[in-house]
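Report on the structure
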Amino acid sequence: MFRSVARLAAGKHLLRRGYATASLPDRKVAVLGAAGGIGQPLALLMKLNPLVSQLALYDIANTPGVAADVSHINSRSEVAGYVGEDQLGQALEGCDVVIIPAGVPRKPGMTRDDLFNINAGIVKGLCSAIAKYCPHALVNMISNPVNSTVPIAAEVFKKAGTYDERKLFGVTTLDVVRAKTFYAGKAKANVADVNVPVVGGHAGITILPLFSQATPKANLPEDVIKALTKRTQDGGTEVVEAKAGKGSATLSMAYAGAIFADACLKGLHGVPDVVECAFVQSTVTELPFFASKVRLGKNGVEEVFGLGPLSEYEKEGLESLKPELKASIEKGIKFANQS
Ligand SMILES: NC(=O)C1=CN([C@@H]2O[C@H](COP(=O)(O)OP(=O)(O)OC[C@H]3O[C@@H](n4cnc5c(N)ncnc54)[C@H](O)[C@@H]3O)[C@@H](O)[C@H]2O)C=CC1
Ligand SMILES: O=C([O-])CC(=O)C(=O)O
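Residues numbered from 1 in each chain as written. Chains lettered and ligands numbered in written order. Predicted model: local features only at pLDDT ≥ 70, side-chain atom pairs only at ≥ 80, totals over all residues. Heavy atoms only, no water.

For the chain, an unreviewed UniProt entry supplies the name Malate dehydrogenase and the organism Hibiscus trionum. Quoted verbatim from the Subcellular location (unreviewed entry) field of UniProt, the annotation for the chain is "Mitochondrion matrix". In the Sequence similarities (unreviewed entry) part of its UniProt record, the chain is described as follows: "Belongs to the LDH/MDH superfamily. MDH type 1 family." (UniProt positions renumbered as here; feature names shortened; annotations may be inferred.)

This is the structure:
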């Protein structure tokens, strides 16, 4: 990701030794939940991103230490830690991008939806503050269940009169990261060259990798495609079980979150053809939110791409995921409007 920033800088004659970052615009990024398992490595990765000039690290506890630690890294951005609700406004003020990995993670035996009761309220509170302090920021929602937390955020923003569907994203990049890794292994391809779109949502069967569109092409047999699909859908559970009660994916999620935030920043910066999969407001199917490829630009989502040609297996997967995804979206909308 940072290689392409270097290319961008070089292309504009900004690069001599390292980044001529003084020529890059100011961009403030906040991480909400910055002291957590995802938040800490994500804070580190965002500190390394030359497109960030101010990095605000917010949590309900422990952010002063994380911020002091990360702030010693000799990269462009100024880091500040904010702790507790009293400081949330300051953390958010002037933000261009807000990344939300706040909330509880799964333990073995739980579904992402089992996190709803705690995380829905957390996300609702944070989004109310975003509507107040940085209503124009791009919001990258990581907190689970993403299939419900994104609709909750949309409802909160609608009520506040700040909703802009181009600026709200459920981060599904980890599904793409996993699909690429698993596909490269089976296709014997260089993982750096692999692309796999992943559409739908971010939980179990709602995660639909489109291996028929994977590049480079490998013509893998049907049973291998099915196993790859299942492994991608169960990728989160694989990590939850391996961590045996100590949480869910944090390091790979921080990596994925940093890739997606970087794409948002590149879009804001006017870099052309920035395309990532994300869970956004959508008319690609009859569901109001759906993950598919989106083009990012100066206003957030510039274009939501359709699904392209699907295999029979993917068509079946698409039909099977709709009822669950629809129910999760409706659950989020209902929660936001009743409480
Ligand atoms: N979208 C995705 O692909 C993925 C999403 N996740 C989700 O990300 C979330 C966070 O996971 P972890 O970092 O592992 O959990 P964690 O428990 O290690 O960290 C969560 C952090 O959120 C903080 N927090 C709680 N309430 C808060 C509030 N009101 N405001 C600000 N911060 C608050 C906690 O103090 C804690 O530091 C979970 O919901 C998890 O399911 C995890 C992996 C992948
Ligand atoms: O599985 C979980 O609970 C965390 C998550 O969303 C993922 O790793 O994809």
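Here the narrative resumes.
So, on to the packing of aromatic side chains. What the rule picks out here adds up to four aromatic pairs. Ring plane angle 90 degrees and centroid distance 5.5 Å describe the contact between Phe116 and Phe335, whose orientation is recorded as edge-to-face. With Phe116 in helix 5 (residues 116-133) and Phe335 in helix 11 (residues 312-338), this pair connects stretches of sequence that are 219 residues apart. Each of the two residues, Phe116 as well as Phe335, counts as buried. On the numbers, 6.1 Å between centres and 35 degrees between planes, the contact of Phe279 with Phe289 is tilted. Highlighted residues: Phe279 in strand 9 (residues 274-281) and Phe289 in strand 10 (residues 289-297), separated in sequence by 10 residues. Side by side, Phe279 and Phe289 carry an identical accessibility label, which is buried. One residue, Arg231, lies across the ring of Phe182, its end atom 3.9 Å from the ring centre. (Phe/Tyr/Trp six-rings, centres within 6.5 Å; stacked < 30°, edge-to-face > 60°. Helix = DSSP H or I, 4+ residues; strand = E, 2+ residues; numbered from the N terminus. Buried < 20%, exposed > 50% of the residue type's maximum accessible area, 1.4 Å probe, protein only. Lys NZ or Arg CZ within 6 Å of the ring centre and 35° of its normal.)

Our focus in this paragraph is helix 5. Taking 1.5 Å as the rise per residue, helix 5 with 18 residues should run 26 Å; its terminal C-alpha atoms sit 25 Å apart, in good agreement. Along helix 5, the positions that sit buried rather than exposed are Phe116, Asn119, Ala120, Val123, Lys124, Leu126, Cys127, Ala129, Ile130 and Ala131. (Expected span 1.5 Å × (residues − 1).)

Two elements in contact, helix 2 (residues 39-47) and helix 10 (residues 251-268), have axes separated by 8 Å at closest approach and are oriented at 40 degrees. For the element pair helix 2 and helix 10, the recorded crossing hand is right-handed. Contacts between helix 2 and helix 10 involve Pro41, Leu42, Leu45 and Met46 from the first element and Leu251, Ala254, Tyr255, Gly257, Ala258, Ala261 and Leu265 from the second. Tallied by class, residues from the contact of helix 2 with helix 10 come to 10 nonpolar, one polar and no charged. (Axes fitted to C-alpha atoms, helices over the stretch in contact; angles between N-to-C directions. Left-handed = near helix turned anticlockwise from the far one by under 90°. Contact = heavy atoms within 4.5 Å. Nonpolar A, V, L, I, M, F, W, Y, C, P; charged D, E, K, R; others polar.)

Further remarks concern the UniProt feature "domain: Lactate/malate dehydrogenase N-terminal" (unreviewed entry) in the chain. Following the UniProt record, the feature "domain: Lactate/malate dehydrogenase N-terminal" (unreviewed entry) maps to residues 28-170 here. When the span residues 28-170 is considered, its composition is 39% helix and 20% strand, and the gap between its end C-alpha atoms is 20 Å.

Turning next to the pairing of strand 4 (residues 97-100). Side chains of strand 4 alternate between two faces, with Val97 and Ile99 and Val98 and Ile100 buried alike. Bridge analysis of strand 1 (residues 28-32) against strand 4 gives three bridges, and the strand direction is parallel. From the neighbouring strand, Ala30 faces strand 4, where its bridge partner is Val98. One crossover worth recording links strand 4 to the parallel strand 5 (residues 138-141) by way of helix 5, and it is right-handed. (Pairing = 2+ DSSP bridges. Right-handed = clockwise from strand over helix to strand, strands pointing away.)

Taken together, 28 residues are adjacent to ligand 1, and Gly37, Ile38, Asp59, Val104 and Asn144 come closest. Contact between ligand 1 and Gly37: an oxygen atom at 2.7 Å from a main-chain N or O atom of the residue. Take Asn144: an N or O atom from its side chain is 2.9 Å from an oxygen atom of ligand 1. When the free accessible area of ligand 1 is taken as 860 Å², the share hidden by the protein chains comes to 85%. Broken down by secondary-structure element, the contributors of at least two residues to the shell around ligand 1 are strand 2 (54-59) and helix 5. Counting residues per element, the shell around ligand 1 draws most heavily on helix 5, at three residues. (Near = heavy atom within 4 Å. Polar contact = N/O pair within 3.5 Å; in protein donor to acceptor, adjacent residues only side chain to side chain. Areas by Shrake-Rupley, 256 points an atom, 1.4 Å probe, with all protein chains shown as cover.)

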